[in-house]
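Here's the letter readout for the chains.
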Amino acid sequence: MGKPLIIVESPAKARSMSKYLGNDFTALASYGHVRDLLPKKGAVDPEKDFEMKYEVIERNQKHVDAIARAMKKADALYLATDPDREGEAISWHLYELLKEMDLIKDKPVYRVEFYEITKDAIRKAVENPRELSSNLIDAQQARRALDYLVGFNLSPLLWKKVRAGLSAGRVQSPALRLICERDEEIEKFVPREYWTIESDLNHSDTDFLAKLTVFENEKLEQFSITDEQRANEVEAALSLASKGKLLVHQVQKKERKRNPAPPFTTSTLQQEASRKLGFSARRTMQTAQQLYEGIEIEGGAVGLITYMRTDSVVLAREAIDEIRALVAKRYGQDMVPDEPRTFKNKSKNAQEAHEAVRPTSVDRLPETMRDQLSDDQSRLYDLIWKRTMACQMRHATIDTVSVDLIAGDSGTFRSTGSTIRIPGFMSVYKEGLDDKKDKYEKDIILPPLREGEQVTLKQIRTEQHFTEPPPRYNEASLVKTLEAFGIGRPSTYANIISTLLNREYVTLEQRRFEATDIGKIVNRFLSQHFTQYVDYEFTARMEDALDEISRGEKKWVPLMRQFWEPFSKQIDDKEESVSREEVIQARTLGNDPDSGKPLSVRMGRYGPYAQIGTRDDEEKPTFASLRPGQKLDTITMEEALELFKLPRDMGETPEGEKLTVAIGRFGPYVKYGDKFVSLGKENDPYTVELDTCLQLVAEKKERDANRLILNFEEAGIQVLNGRYGPYVTDGEKNARVPKEIEEPKTLTLEDCEELLKNAKPPRGKKKAAKKKVAKKKTAKKKATKKKVSKKKSKKKKSKKKTQKKVSNHRKEQQLP
């Protein structure tokens, strides 16, 4: 009789299963998704109710084969992948594959879900299995089909209208729009000047500050004083009226309570890890996955946190009891609130079965775990542990004092102070903020003041200020905004951000996102021509609809039809009605002072460039690539004209070779004759001097001379000095010169030919040959498909080479 087979995603989880279930089960890992849509057009067929064509993911074929072999011997199948839509889909795909192989037959199949990898949680889950959820599977299928249809139809349109290699996504496009709109706000922002009046005061040997709030019976607003002259007039009037003293008019004391933040969800964990640890969303999720799947401690793998993909803030009753007990033991009974704190989910689709992200046991203290964890694991675990502990601790009590002081009958100053009387949960954890300073971060202590007494006025100061634009998004604030709009789901945020960075739609400067030229063009195109699909409300409604499918409230095929019919018509219409010139939207800066022709900047297939003249002129226009850091929206006429100073004629080398300086694909360079040498980062091609160019050329010639040992020109064979020593080459094959030949110069042509004859083929060629063999093997199963894909990949390869050559040529000639 065989044993039941239990499947999880990762080998770490498989080891945990084996540990907790013992020899009663065979545990194997699927290594994530086992199938995906065919990577070509037609994998989703709208004409056949959005029928989807899948294939086994190549890198996971061996794991599927191992599962299939184990299934032949097993008497039951337990699918224990993650308890979310993705996990449900992995289980379903695996079930479908095993069924196609006729390995299920009459063997029972169970779906198992757990939210922490602990012995009790796993045994309980295995004892209480359920069936596969068709609702969750349908929701994931709908999401995958939507993303596929958007990507495979909108992306090719971008290739035609902008440039190759771009992509548009159902969720990434609204996220890009957010960043671009913030950039526009900043660019359009006009600072406004305003002034404040402050006083330096002293009482009982304590210095403190107060700010003017009322002047001549008028309450001051931000822009009540907008210039220096008015500020000086107010300061003079107050100085005259006060006569070196301010009178304490009113003292107000208040007690404020501050409650702890709820335990972590996926989103808030990403935000706090970004603020406090400087982690990207991807780094946070990867580290959390490791903590969830299990760390080798206590003689085996132990899951240290609960499932980290959750939008729930609920904690299990047992966990709350354990936290409260440790709070009492570690911080004192007075730190434990009378009643356990409960938190409500804001998300409509938050599943109550899911818990917030918390330690599987708070008794595993961060300081005792430090030596057994990596630096990232330790820091993230410490953050999760502290937030979890704090959420079940007493509130903080903060005393605030507000004092009004009057300067004669001319004006009123206000001074405020605060002290944290009982820190409560703040002694363990304080929630971070994106762009504001916490007013309770430091105690601001005022001297003891009573109404009617006077304080010494040391001076009255005028302070000039300017309003500031809204800050650019960082990872924390972008995740927070995406969640607020309902764009995507927390588990997808890391992928959204990575895609925007990888496609070079945005850059991350000082941990703030800034849209690139290409990002702005793509966003402008999508916003103007596919407005509905980058609309925040539309994207959020689509996510809500997917949630409704997951709850069984909607069917997925009607939703797909509702989306696809207008979308496909719009794709067809824009392909015909919108020109590439319209999308690129060239920006005219003025007329070139030398030729009188228009000078414009625009996006080319190989990047942004400036152009003098138009295609309609008798003479061809001249081009120059923009320099790194220059942007289409902000480059000035003067900066653009500078670009046309390249290539610079620098004269000749002592050998009579023509010497020029230009910028190419790999950066600035000096060209001498038909050869090149890099200028390096330290030399500016616009200002570099002749002596520097000659020195670089001389050094390059010396290196080249030292590199060549022998040259059998007629045979096309050379002996060269390489990185790993001397070698023989004919341009096709390389052969290392044996160590016993101490002087490579003594080699004859026959010696070199013999060495080359016995040389191994180049690595690249060997790999290519391997691929051919692999493709032939798989071709036996699906000959037609593989032959087609093989031809396509070959064409692609040659196309890439052609593009590279064209790109190099154009860059060297300063062409777009």
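Here the structure is a predicted model, which means the values were calculated and not measured.

> Lay out the confidence of the model for the protein in plain terms, naming residues and giving numbers.
Taken as a whole, the protein shows an average pLDDT of 86; of its residues, 90% reach a score of 70 or greater. A low-confidence stretch, residues 765-816 (pLDDT under 50), is modelled with 36 contacts involving residues beyond four sequence positions or located in other chains.

> Residues and numbers for the environment of Arg-723, please.
Looking at the element boundaries, Arg-723 is found in the loop between strand S29 (717-722) and strand S30 (725-729). In this structure Arg-723 comes out as exposed when scored by relative accessible area, which is 77%.

> So what's going on with the packing of aromatic side chains? Residues and values would help.
Under the counting rule described, the total for this entry stands at 17 aromatic pairs. Note on Phe-563 and Phe-567: the rings are 5.0 Å apart at their centroids and 25° apart in plane angle, and the pair reads as stacked. Of this pair, Phe-563 and Phe-567 both sit in helix H17 (residues 556-577), four residues apart, roughly one helical turn. As far as the burial class goes, Phe-563 and Phe-567 line up, both buried. In textbook terms, an aromatic cluster arises when at least three aromatic residues are bridged by ring pairs, as seen for Phe-525, Phe-530, Tyr-533, Phe-538, Phe-563, Trp-564 and Phe-567. One cation-aromatic arrangement involves Arg-35 over Trp-92; the distance from NZ or CZ to the ring centre is 5.7 Å. When the ring centre of Tyr-536 is taken as reference, the NZ or CZ atom of Arg-177 above it lies at 4.2 Å.

> Tell me what's going on with the sheet that holds strand S28 (residues 708-712), and back it up with residues and numbers.
Pairing is antiparallel across the open sheet formed by four strands, whose spatial order is S28-S29-S30-S31. In this open sheet, the two edge strands, each paired with only one partner strand, are S28 and strand S31 (734-736). Looking at each pair of strands side by side, their axes are set apart by 25° on average, direction ignored. Pairing geometry for S29 and S30, over five bridges, is antiparallel. Pairing of Gln-718 across the sheet is with Thr-729, part of S30. Contacting S28, S29 and S30, helix H20 (residues 690-707) crosses the sheet at an angle of about 65° to S28. Set on the sheet, helix H21 (residues 749-757) makes contact with S28, S29, S30 and S31; between it and S29 the angle comes to about 75°.

> Can you explain empty space enclosed by the protein? Please cite residues and give values.
Within this structure, the stated rule accounts for one cavity of 30 Å³ or more. Here the largest cavity is characterised by a volume of approximately 100 Å³. Per element, the largest residue contribution to the lining of the largest cavity is three residues, and it comes from helix H16 (residues 536-550). Looking at the lining of the largest cavity, its residues break down into ten nonpolar, three polar and one charged.

> Any chance you could break down unusual backbone geometry for me, citing the residues and the numbers?
Between Leu-646 and the following residue, Pro-647, the backbone shows a cis peptide bond with an omega angle of -5°. Relative to the helices and strands, Pro-647 is located in the loop between helix H19 (637-643) and strand S24 (648-652). Positive phi, normally seen in glycine, also occurs at Phe-50, with a value near 60°. Position of Phe-50 among the secondary structure elements: in the loop between strand S4 (44-45) and strand S5 (51-52). With a phi angle near 50°, Gln-510 is a residue other than glycine that sits in the positive phi range. Here Gln-510 shows up in the loop between strand S18 (506-509) and strand S19 (512-515). For Gln-510, a relative accessible area of 79% corresponds to the exposed category.

> So what's going on with the pairing of S24? Residues and values would help.
Sheet topology places S24 next to strand S25 (residues 658-664); four bridges connect them, and they run antiparallel. What sits directly across from Asp-649, in S25, is Thr-660. Here S24 folds back onto S25, and the loop between the two strands holds five residues, one of which, Gly-656, carries a positive phi near 90°.

> For the sheet that holds strand S1 (residues 5-8), give the residues involved together with the corresponding values.
Read from one edge of the open sheet, four strands run S2-S1-S7-S8, paired in parallel fashion. For this open sheet the edge positions go to strand S2 (26-29) and strand S8 (109-111), each flanked by a neighbour on one side alone. In this sheet, neighbouring strand axes are inclined to one another by 20° on average, regardless of whether the strands run parallel or antiparallel. In this structure, strand S7 (residues 77-79) lies alongside S8, joined through three bridges in parallel fashion. By the bridge assignment for S8, Leu-79 is matched with Arg-111. Of the strands in this sheet, S1, S2 and S7 are in contact with helix H2 (residues 61-73), which crosses S2 at around 160°.

> Could you give an account of the packing of helix H6 (residues 172-188) against helix H13 (residues 475-485), with specific residues and numbers?
Put simply, H6 and H13 touch, their axes get as near as 11 Å, and they point 120° apart. As the angle between them shows, H6 and H13 are arranged oblique. Handedness of the crossing formed by H6 with H13: right-handed. Touching Ala-175, Leu-178 and Ile-179 of H6 are Leu-478, Thr-481, Leu-482 and Phe-485, all from H13. Looking at side-chain class alone, the contact of H6 with H13 contains six nonpolar, one polar and no charged residues.

> Report on the packing of H6 against helix H14 (residues 493-502), specifying residues and quantitative values.
Contact pair H6 / H14: the axes reach a minimum separation of 10 Å and the direction vectors enclose 70°. Taken as axis vectors, H6 and H14 run roughly perpendicular relative to one another. In the packing of H6 onto H14, the handedness of the crossing is right-handed. Contacts between H6 and H14 involve Gln-172, Ala-175, Leu-176 and Ile-179 on the former and, on the latter, Ile-496, Thr-499 and Leu-500. Residue composition of the contact of H6 with H14, by class: five nonpolar, two polar and no charged.

> Provide a residue-level description of the pattern of salt bridges, including the pertinent values.
In total, this model carries 50 salt bridges according to the counting rule given. Residues Arg-230 and Glu-233 are paired through a salt bridge, measuring 3.4 Å at the closest nitrogen-oxygen approach. Note that Arg-230 and Glu-233 are positioned in helix H7 (residues 228-242) at a spacing of three residues, about one turn of the helix. Beyond isolated ion pairs, a larger network of salt bridges with shared partners links Glu-9, Lys-13, Asp-82 and Arg-309.

> Explain helix H9 (residues 281-293) to me, using residue names and the numbers behind them.
Here H9 spans 18 Å end to end across 13 residues, near enough to the 18 Å set by a 1.5 Å rise per residue. Of the positions making up H9, those classed as buried are Ala-281, Thr-284, Met-285, Thr-287, Ala-288, Gln-289, Leu-291, Tyr-292 and Glu-293. Gly-294 sits one or two positions beyond H9 and adopts a positive phi of about 130°.

Procedures and definitions
- Residues numbered from 1 in each chain as written.
- Predicted model: local features only at pLDDT ≥ 70, side-chain atom pairs only at ≥ 80, totals over all residues.
- Heavy atoms only, no water.
- pLDDT = per-residue confidence, 0-100.
- Contact = heavy atoms within 4.5 Å.
- Helix = DSSP H or I, 4+ residues; strand = E, 2+ residues; numbered from the N terminus.
- Buried < 20%, exposed > 50% of the residue type's maximum accessible area, 1.4 Å probe, protein only.
- Phe/Tyr/Trp six-rings, centres within 6.5 Å; stacked < 30°, edge-to-face > 60°.
- Lys NZ or Arg CZ within 6 Å of the ring centre and 35° of its normal.
- Pairing = 2+ DSSP bridges.
- Axes fitted to C-alpha atoms, helices over the stretch in contact; angles between N-to-C directions.
- 1 Å grid on protein atoms, 1.4 Å probe; cavity = no way out; pocket = protein on both sides within 12 Å on 5 of 7 lines; lining within 4 Å.
- Points joined across faces, edges and corners; volume = space filled by probe spheres on them.
- Nonpolar A, V, L, I, M, F, W, Y, C, P; charged D, E, K, R; others polar.
- Parallel < 35°, antiparallel > 145°, perpendicular 65-115°, else oblique.
- Left-handed = near helix turned anticlockwise from the far one by under 90°.
- Salt bridge = Lys/Arg side-chain N within 4 Å of Asp/Glu carboxyl O.
- Expected span 1.5 Å × (residues − 1).

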